[in-house]
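Close look at the chain arrangement
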Amino acid sequence: MASMMQPQIILLKEGTDTSQGKAQLLSNINAVTAVGDVVRTTLGPRGMDKLIHDDKGSVTISNDGATIMKLLDIVHPAAKILVDIAKSQDSEVRKSSWILDLFSVDDFVGDGTTTVVLLAAEFLKEAKPFVEDGVHSQNLIRSYRTASTLAIEKVKELAVSIEGKSVEEKKGLLAKCAATTLSSKLIGGEKEFFATMVVDAVMAIGDDDRLNLIGIKKVPGGNMRDSFLVDGVAFKKTFSYAGFEQQPKKFDNPKILLLNIELELKSEKENAEIRLSDPSQYQSIVDAEWNIIYDKLDKCVESGAKVVLSRLAIGDLATQYFADRDIFCAGRVAEQDLNRVAAATGGTVQTSVLGTCEIFEEKQVGGERFNIFSGCPSGRTATIVLRGGADQFIEEAERSLHDAIMIVRRAVKNSTVVPGGGAIDVIPRQLCDNAGFDATDVLNKLRQKHAMQSGEGASYGVDINTGGIADSFANFVWEPAVVKINAINAATEAACLILSVDETVKNPKSESAQGDAAAGAMGRGRGGGRGRGMRRR
Amino acid sequence: MALAFDEFGRPFIILREQDQKTRLRGIDAQKANIAAGKAVARILRSSLGPKGMDKMLQGPDGDVTISNDGATILEQMDVDNQIAKLMVDLSRSQDYEIGDGTTGVVVMAGALLEQAERQLDRGIHPIRIAEGYEMASRVAVEHLERIAQKFEFDVNSYEPLVQTCMTTLSSKIVNRCKRSLAEIAVKAVLAVADLERRDVNLDLIKVEGKVGGKLEDTELIYGILVDKDMSHPQMPKHIEDAHIAILTCPFEPPKPKTKHKVDIDTVEKFETLRKQEQQYFDEMVQKCKDVGATLVICQWGFDDEANHLLMHRNLPAVRWVGGVELELIAIATGGRIVPRFQELTPEKLGKAGMVREKSFGTTKERMLYIEHCANSKAVTIFIRGGYGLGNKMMIEETKRSIHDALCVARNLIRNNSIVYGGGAAEITCSLAVDAAADKYPGVEQYAIRAFAEALDSVPMALAENSGLQPIETLSAVKSQQIKENIPFYGIDCNDVGTNDMREQNVFETLIGKQQQILLATQVVKMILKIDDVISNSEY
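Since we're looking at a predicted model, the values are computed, not measured.

**What about the overall build of chain B?**
Along chain B, the regular secondary structure elements total 16 helices and 20 strands. Computed over the C-alpha atoms, the radius of gyration of chain B is 30 Å, more than 25% above the 24 Å expected from 2.2 N^0.38 for a compact globule of 539 residues. On the principal axes, the C-alpha backbone points of chain B span a range of 95 × 75 × 45 Å. In chain B, which comprises 539 residues, the share counted as buried stands at 57%. Sequence-distant contacts in chain B: of pairs separated by 6 or more residues, those separated by 24 or more amount to 73%.

**Some remarks on the packing of helix α12 (residues 424-437) of chain B against helix α13 (residues 444-465) of chain B**
Residue and element names in this part refer to chain B. α13 packs onto α12 with a crossing angle of 170 degrees between their chain directions and a minimal axis gap of 8 Å. The orientation of α12 relative to α13 falls into the category roughly antiparallel. Contacts from E426, I427, C429, S430, V433, D434 and A437 in α12 reach Q445, I448, R449, F451, A452, L455, D456, V458 and P459 in α13. Class assignment for the residues of the contact of α12 with α13 results in 10 nonpolar, two polar and four charged.

**Digging into the sheet that holds strand β12 (residues 328-330) of chain A**
Hydrogen bonds between backbone atoms are what pair the strands of a sheet, whose relative direction is either parallel or antiparallel. Residue and element names in this part refer to chain A. Strand order across the open sheet formed by four strands is β12-β11-β9-β13, with mixed pairing between neighbours. Two strands close off the open sheet at either side, each with one partner strand: β12 and β13 (355-356). Bridge analysis of strand β11 (residues 307-310) against β12 gives three bridges, and the strand direction is parallel. In the strand pairing of β12, V308 is matched with C329.

**Observations regarding the interface of chain A and chain B**
In this complex, chain A contributes 100 residues to the contact, which on the side of chain B involves 79 residues. Summing both partners gives a buried area of about 7500 Å² for chain A against chain B, and 52% of it is carried by carbon and sulfur. Counting across the chain A and chain B interface gives six salt bridges. The shortest N-O distance in the salt bridge between D287 of chain A and R340 of chain B comes to 3.8 Å. For the pair chain A and chain B, the interface holds 11 residue pairs in polar contact (both at pLDDT 80 or more).

**Some points on the side chain of T473 of chain B**
Residue and element names in this part refer to chain B. Residue placement: T473 occurs in helix α14 (residues 470-484). Take T473: its relative accessible area is 17%, and that puts it in the buried class. Aside from chain neighbours lying at most four places away, what touches T473 is A463, L468 and I491.

**Section: the sheet that holds strand β6 (residues 149-150) of chain B**
Residue and element names in this part refer to chain B. With antiparallel pairing, three strands are arranged side by side in an open sheet as β6-β18-β19. At either margin of the open sheet sits one strand with a lone partner, and together these are β6 and β19 (507-509). Where β6 and strand β18 (residues 417-420) come together, two bridges link them in antiparallel fashion. Across the sheet, residue Q149 finds its bridge partner in β18, namely I418. Its contacts with the sheet place helix α16 (residues 510-528) against β18 and β19, and it is angled at close to 70 degrees to β19.

**Notes on the nonpolar core**
Counting residues in hydrophobic clusters, the biggest one holds 116 residues, and the most contacted among them are F322 of chain A together with F251 and I370 of chain B. Every residue in contact with I370 of chain B, bar those within four places of it in the chain, is listed here: Y222, G223, I224, V226, I244, I297, I329, T333, A352, M354 and V355 of chain B. With 104 residues, the next largest nonpolar core counts I61 of chain A together with I73, M87 and L510 of chain B among its residues.

**Observations concerning the environment of E396 of chain A**
Residues and elements named next belong to chain A. Along the chain, E396 falls in helix α11 (residues 391-414). On a C-alpha basis, the gap between E396 and D64 in space is 8.4 Å, while along the polypeptide they are 332 residues apart. Residues contacting E396, with those up to four places away along its chain left out, are I61, S62, N63, D64 and L186.

**Observations concerning the domain arrangement of chain B**
Along its sequence, chain B is carved into domain 1 (2-150 + 421-486 + 509-536) and domain 2 (230-372). The distance between the C-alpha centroids of domain 1 of chain B and domain 2 of chain B comes to 56 Å.

**Section: a negative patch on the surface**
Residues and elements named next belong to chain B. A surface patch of negative charge is lined by E277, D303, D304 and E305. If you trace the backbone, D303 turns up in the loop between β12 (295-298) and α9 (304-312). A relative accessible area of 40% means that D303 is categorised as partly exposed.

**Quick word on the state of the cysteines**
Scanning all chains against the criterion turns up zero disulfides over all chains. The thiol sulfur of C165 of chain B is not disulfide-bonded, and the nearest other cysteine sulfur, from C407 of chain B, lies at 9.8 Å.

**Here we look at the pairing of strand β14 (residues 359-365) of chain A**
Residues and elements named next belong to chain A. As paired strands, strand β8 (residues 250-252) and β14 are joined by three bridges and run antiparallel to one another. Paired with D252 across the bridge in β14 is I359. Two strands pair when backbone bridges link them, and β14 and strand β15 (residues 368-374) are joined in this way by seven bridges, in the antiparallel orientation. The partner of F360 across the bridge, within β15, is F373.

**Concerning unusual backbone geometry**
Leave glycine aside and you will find that most residues have negative phi; peptide bonds, for their part, are mostly trans. Residue R332 of chain A is not a glycine yet carries a positive backbone phi of 50 degrees. Locating R332 of chain A in the fold gives a position in the loop between β12 and α10 (335-345). A positive phi is found at D241 of chain B, a non-glycine position, where the angle reads about 50 degrees. Residue classification places D241 of chain B among the exposed residues on the basis of a relative accessible area of 53%.

**Description of α14 of chain B**
Residue and element names in this part refer to chain B. The end-to-end C-alpha distance of α14, which contains 15 residues, comes to 21 Å, matching closely the 21 Å that a straight helix rising 1.5 Å per residue would cover. Taken residue by residue, α14 has P470, T473, L474, V477 and Q481 as its buried positions. Taken end-on, α14 shows its buried residues confined to a sector of 95 degrees, consistent with a single buried face. Counted as exposed and oriented over 90 degrees from the buried face of α14: I471, E472, I482 and K483. Tucked into the core, α14 has its buried residues touching α12 and α13.

**As for the pairing of strand β9 (residues 255-259) of chain A**
All names here are of chain A. Most of β9 is tucked away: four of the five residues are buried. Pairing analysis gives two bridges linking β9 to β13, with the strands arranged antiparallel. Bridged to K255 within β13 is T356. Pairing analysis gives four bridges linking β9 to β11, with the strands arranged parallel. Across the sheet, L259 pairs through a bridge with S310, a residue of β11.

**Here we look at the confidence of the model for chain A**
Residues and elements named next belong to chain A. Here chain A averages 72 in pLDDT, while 68% of its residues score no lower than 70. Here helix α15 (residues 514-529) stands out as the least confident element of chain A, with mean pLDDT 39; β12 is the most confident, with 89. Long-range and interchain partners of residues 92-110, a stretch whose pLDDT sits below 50, account for 50 contacts in this model, where long-range means more than four residues apart. Every residue in residues 511-537 scores below 50 in pLDDT, and together they form 51 contacts with partners more than four places removed in sequence or on other chains.

**Some points on the confidence of the model for chain B**
A low pLDDT means the predicted coordinates there should not be read in detail. All names here are of chain B. Chain-level pLDDT for chain B is 83 on average; 93% of the residues reach the 70-or-more range. For chain B, per-element mean pLDDT is lowest for strand β1 (residues 4-5), which scores 58, and highest for helix α4 (residues 102-121), which scores 92. The ipTM for the predicted assembly is 0.70, set against a pTM of 0.77.

Criteria and cut-off values
- Residues numbered from 1 in each chain as written.
- Chains lettered and ligands numbered in written order.
- Predicted model: local features only at pLDDT ≥ 70, side-chain atom pairs only at ≥ 80, totals over all residues.
- Heavy atoms only, no water.
- Helix = DSSP H or I, 4+ residues; strand = E, 2+ residues; numbered from the N terminus.
- Rg over C-alpha atoms; globule rule 2.2 N^0.38 Å.
- Buried < 20%, exposed > 50% of the residue type's maximum accessible area, 1.4 Å probe, protein only.
- Contact = heavy atoms within 4.5 Å.
- Axes fitted to C-alpha atoms, helices over the stretch in contact; angles between N-to-C directions.
- Parallel < 35°, antiparallel > 145°, perpendicular 65-115°, else oblique.
- Nonpolar A, V, L, I, M, F, W, Y, C, P; charged D, E, K, R; others polar.
- Pairing = 2+ DSSP bridges.
- Buried area = accessible area lost by both parts, 1.4 Å probe.
- Salt bridge = Lys/Arg side-chain N within 4 Å of Asp/Glu carboxyl O.
- Polar contact = N/O pair within 3.5 Å; in protein donor to acceptor, adjacent residues only side chain to side chain.
- Core = buried A, V, L, I, M, F, W, Y, C linked by side-chain atoms within 4.5 Å.
- Domains from an automatic or database assignment.
- Patch = residues over 30% accessible without salt bridge, like charges linked within 9 Å, V, L, I, M, F, W, Y side chains within 5 Å.
- Areas by Shrake-Rupley, 256 points an atom, 1.4 Å probe, with all protein chains shown as cover.
- Lys, Arg positive; Asp, Glu negative; His and termini not counted.
- Charge placed at Lys NZ, Arg CZ, Asp CG, Glu CD.
- Disulfide = S-S within 2.5 Å.
- Expected span 1.5 Å × (residues − 1).
- Arc of directions from axis to C-beta.
- pLDDT = per-residue confidence, 0-100.

So, in structure tokens, the structure goes:
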């Protein structure tokens, strides 16, 4: 249809930036490598933290790969893919990020984010010379896929099952996994302390999938050793009215009533208006209103409950009424906390089913007073109360514990572990670099061990403490197998994805958020629309 | 942040607004962060110890604060730098947990950072420094545990508590009355303490201040002090053996909460309404009288008509008492808060041996004392001062000092172990850590030694602030401690003539000291761990 005489066809809107071919591919690789460099130093027990200011001026100090990637606010389309894999490794983000369907959705792990990013960046770096030499990127992709399958098989082979061990033994093993994760974090110095806590918390909720049953409460002040685990629920004292201090603050085996109503003297209907013609009727209206609230309060008391919690306000009248009858009450309890109480004590919100627990107590924790329910019958919740010297500190500790919790859950579910401390080239190298050792030297030693015929050297990794190599397995540097598998998988997929792109079309800025638009164009527009480049599994 | 270029000379933008961001990484980031932390510590350094100086801070609205309390100073400084904020948090968390030693903890963190900088220059990996510090802090904390002494006290013999509180107060502006203030603080804490559970609810201690009078007039009231007076000037000013009705309902006809209207179309109706209102007033007062109340404390107000009626019926009343105070009064007098008149019963009345109104100075300011209450578990510390200047600063600083002293007393009730102050604890820890350093193989050894040196900086600052030769004094005390193997020798800040802190009665709580060391180590570790700072360039 195009005749020679016709002018150039304008396909795209003016201002659209297109680049294509090998140059584009290399440029993408470079961008990814640059991002990989940012998180590089956070790897391993001697990894460093990043301090990032965001646009709003708030600041985060973190060691967690996913957190850093999220905060970096990356706009480069190829580099953004890296952010997405980091997110996919971290279960926090289950949103419909388009990349998710690339990886089997079940395999969210919550840890190893840094590893994934680093691996992907390294895969691409290795691919670069081949691309420059003119190897077709599809060939590279195919070989990478094969390699990753091999690697995963190897990992599976190495994996040791912890199935069938006694509960005590299992707990110990899980704690080792948690400690490995925590060792790279700020709270690494107290890793044993926190690892046990995390394992206990995870064991407490059992097979339940609802992670929000593990509550993490942050109380600034104190030092991290003052953190503790409650086998039940704990939440901060809510806003209270006069009379609250006259209520008893400790009960043994109390019945717990959970409500979702306001216990306050107020007008029953917002827009109702009462017209009185006879002033003597006045008192009856007033009495009627009081009766409504007293009726409610009486029912609460009659139920035999000793602790009354409500998601909505409990007013001063009710507070004093309960105080008179030796009942503890708390209004405006956050919904999550209330749900947790319900799960723990076996009660249900707003029914005649009352919950119970062994001990209820209001306790001082640092500068705050906490309501603590412990010894709950159904025992399906746990609350970790974190203490620490600074707000930033506690924030980071929370993120670290999140990672550890995820790891332990993975290990519980899949019950196989592999030795940590480095399995693929780039990881031990970076571990050494971060720890200040001679990377080449250590790596050669490691290689030699791994090459041994007997296969007994397969679990050797970098020994951070002495600068040599050591049997990671014997030193309890363990990671759940599924984490490693997922990391290799995700990194390979990301690398292949980037390798398969040979053209970027970037629309001019006008559209919504620039970053989203760019990512969208990358994903759907290119891969799906034109039918080349991206392959979905 | 500089742009990156690929092989073809094309820039690629990875971060949003990349060119507007600055990035510090590696050793530069650590150096910059350490410098910020040190700057904060330097400000507080001169406030340490009994001869420490105060800081004057002017707020954005022109209000002036003078303080010697580390947490207060840092809070008011409104720092912007992120690392400096960490130091503020550090001081604050010491304040939350212990309430005392807020200056010391920052000085210590500053010293640790300073030492860390030296180790960095030697090429030691920052994480290894941090790990070394952590090991050292554990050694120090264990050592403190070993040298700590317990002392026994009970409600009648509380001398050691007073001595410890005095150590805290001696660095404050109020130190000329430290003996009496310390006694007040200890008595107050003992009054509300649950000695069996070792729990102290500081909420039960109310600290009130009023400008005027002398600091020496500060007193402890076994009961409640309310900044209110009788609603009518002719009401009695002294009520003995008072029965108090505590009301949260106003002295006025009850109102339905639902929107309402009373249609009045005839004169008769109007008359009845009026009459009914009067009757309400009458009934209310009568109800109070009937149950035997001799004093009414009301959360809300009442109009002049009710006021007159109350006066007439000889029922003294106080109006507009805040919710918190109402609660305290209820707890102290063993009464119940009553939400409406119908529910008044004799059992719900609070009882107090004496309620009196006291006026101050020549001004018309009066306050209401409620004393000899049924339940003495609520006390008030009433601070006077300001040299008659109408100057609130002095009162505020005294409040803070009393708060510190209260916290110290509380901590002692929780855990009655003490260590010796005046830098003695730091010096002995420094010796212990130094000795322990040799046992650790690896690079951490250097960090542990650095930690020991950092510990020395606290007594050093003490000596400096007291006008002594810091290095000479410190080395003298140190050698004395080693020679006699006694951990009681500290810096003689007040020039008493002895270094023996036992004789000088300078004590600090064990948990306070341990907390200082642990917290400072924690924050320093956090700062050392950062190797990359990405910020918008305007920061």
